[in-house]
Amino acid sequence: MKRTLITTADGSHSLYVKDLDEHYHSIHGAIQEALHVFIKSGLQYMHNKNYQEINILEIGFGTGLNALLTCLEAEKLNIKINYTGLEAFPLEDNLLKELNYAEWIANLFHHEKKNVKKIFEQLHSSEWQKDVTISEHFKLNKINNTLQDVQLTKAFDLIYFDAFGPRVQPDMWEDELFSKIFSATTTNGCLVTYCAKGEVKRSLKRIGFKVETLPGPPRKREMVRGIKE
Ligand SMILES: C[S@@+](CC[C@H](N)C(=O)[O-])C[C@H]1O[C@@H](n2cnc3c(N)ncnc32)[C@H](O)[C@@H]1O
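A short tour of the structure in this document, coming up. (Residues numbered from 1 in each chain as written. Predicted model: local features only at pLDDT ≥ 70, side-chain atom pairs only at ≥ 80, totals over all residues. Heavy atoms only, no water.)

1. So, the nonpolar core
Formed by 78 residues in total, the largest nonpolar core has its most connected members in Ile105 and Phe161. Among all residues touching Phe161, those that are not within four sequence positions of it are Phe38, Ile59, Leu147, Met172, Trp173, Phe178, Ile181, Leu191, Val192, Thr193 and Tyr194. (Core = buried A, V, L, I, M, F, W, Y, C linked by side-chain atoms within 4.5 Å. Buried < 20%, exposed > 50% of the residue type's maximum accessible area, 1.4 Å probe, protein only. Contact = heavy atoms within 4.5 Å.)

Below, the structure is given as structure tokens:
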């Protein structure tokens, strides 16, 4: 899968996949989207429900942007995160080196750039299929597999569903895989995703999630949170 670097409207990088004509993030702002969909509507939402330790599954680890933001937010909130990052097509080192997330995120979190860069590098250099401690607040286990084939052996409180969109990867958004995720979600746990298409919401409802349509990130009308009651 050939990917090229692009700059989104908030100045943060993303990747473009020519074969799919699809981007890794919103072109209106990669970091803004990640902060809104995954951190605010997922992580902070769970923290507000008094979770002090959260098992997170990310579908599509990709650039590691969501993992990096989650790691720093966990420190800020003083909570513990066990993060499982599922990825079918890991990124090449040369692309990872070009991504400008560390400098942007260092400013946002008032951290030193070199410290954020170090965490970002650790997220990517850590071994696959192994529990790795990244910080006092953040443990990572990256799995190099597809959602279709992976066996989800533990339960997750929060799912970051960040697959390519239903236009280019329709099977990722259908009942069968949502059902697999639902079975691996703890009671009162939730799934968040940037996509608010009617078909996706109907599928999540059929599987058993209570679906909430929330305001989306800049220039995107809506996003979705599915709660397992
Ligand atoms: C929209 S991108 C988002 C990536 C990541 N969350 C980020 O912020 O960079 C979708 C990701 O899903 C991965 N992917 C594609 N098909 C997959 C599959 N069947 N199972 C697991 N991951 C998949 C892609 O390689 C890509 O990294």
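2. Remarks on the site of the ligand
Around the ligand sit 21 residues, and of these His25, Gly60, Thr63, Glu87 and Asp162 come closest. For the ligand, a nitrogen atom lies 3.0 Å from a polar atom in the backbone of Leu147. Within the side chain of Gln169, a nitrogen or oxygen atom sits 2.8 Å from a nitrogen atom of the ligand. Computed on the free molecule, the ligand has an accessible area of 600 Å², of which 98% lies beneath the protein chains in the complex. Comparing atom positions with the cavity grids shows the ligand to sit within the largest pocket. (Near = heavy atom within 4 Å. Polar contact = N/O pair within 3.5 Å; in protein donor to acceptor, adjacent residues only side chain to side chain. Areas by Shrake-Rupley, 256 points an atom, 1.4 Å probe, with all protein chains shown as cover. 1 Å grid on protein atoms, 1.4 Å probe; cavity = no way out; pocket = protein on both sides within 12 Å on 5 of 7 lines; lining within 4 Å. Sits in = over half its atoms within 2 Å of the grid points.)

3. A short note on the pairing of strand S11 (residues 222–227)
Across the 6 residues that make up S11, a large majority, 5, are buried. With 4 bridges connecting them, strand S9 (residues 185–193) and S11 associate as antiparallel partners. Across the sheet, residue Cys190 finds its bridge partner in S11, namely Ile227. Inspection of the sheet shows strand S10 (residues 210–215) paired to S11 by 6 bridges, in the antiparallel sense. When the bridges of S11 are listed, Val211 appears paired with Gly226. The turn joining S10 and S11, which pair antiparallel and follow one another in sequence, is formed by 6 residues; a positive phi near 65 degrees is taken by Arg219. (Helix = DSSP H or I, 4+ residues; strand = E, 2+ residues; numbered from the N terminus. Pairing = 2+ DSSP bridges.)

4. What to know about a negative patch on the surface
Together, Asp171, Glu174, Glu176 and Glu199 make up a region of like negative charge exposed at the surface. As for its position among the elements, Asp171 is in the loop between strand S8 (156–161) and helix H6 (175–183). (Patch = residues over 30% accessible without salt bridge, like charges linked within 9 Å, V, L, I, M, F, W, Y side chains within 5 Å. Salt bridge = Lys/Arg side-chain N within 4 Å of Asp/Glu carboxyl O. Lys, Arg positive; Asp, Glu negative; His and termini not counted. Charge placed at Lys NZ, Arg CZ, Asp CG, Glu CD.)

5. Notes on the packing of helix H1 (residues 30–48) against helix H2 (residues 65–77)
Running from N to C, H1 and H2 point in directions that differ by 45 degrees, and their axes come no closer than 10 Å. Considered as vectors, H1 and H2 are oriented oblique to each other. Where H1 crosses over H2, the two elements pack in a sense that is right-handed. From H1, Ala30, Ile31, Ala34, Leu35, Phe38, Ile39, Leu43, Gln44 and His47 reach across to H2, where they touch Leu65, Asn66, Leu69, Thr70, Glu73 and Leu77. (Axes fitted to C-alpha atoms, helices over the stretch in contact; angles between N-to-C directions. Parallel < 35°, antiparallel > 145°, perpendicular 65-115°, else oblique. Left-handed = near helix turned anticlockwise from the far one by under 90°.)

6. Focus: the sheet that holds strand S3 (residues 22–23)
Pairing is antiparallel across the open sheet formed by 3 strands, whose spatial order is S1-S2-S3. At either end of the open sheet lies a strand with only one pairing partner, and these are strand S1 (3–7) and S3. Inspection of the sheet shows S1 paired to strand S2 (residues 13–17) by 5 bridges, in the antiparallel sense. Within the sheet, the bridge partner assigned to Thr4 lies in S2 and is Tyr16.

7. Details of the sheet that holds strand S4 (residues 53–59)
Pairing within the open sheet is mixed, and its 8 strands lie in the order S6-S7-S5-S4-S8-S9-S11-S10. Of all strands in the sheet, those with a lone pairing partner are strand S6 (131–135) and S10, marking the two edges. Averaged over all adjacent pairs, the angle separating strand axes in this sheet is 20 degrees, with direction ignored. Inspection of the sheet shows S8 paired to S9 by 5 bridges, in the parallel sense. Directly across from Ile159, in S9, lies its bridge partner Leu191. Docked against the sheet, H6 engages S4, S8 and S9, running at close to 135 degrees with respect to S9.

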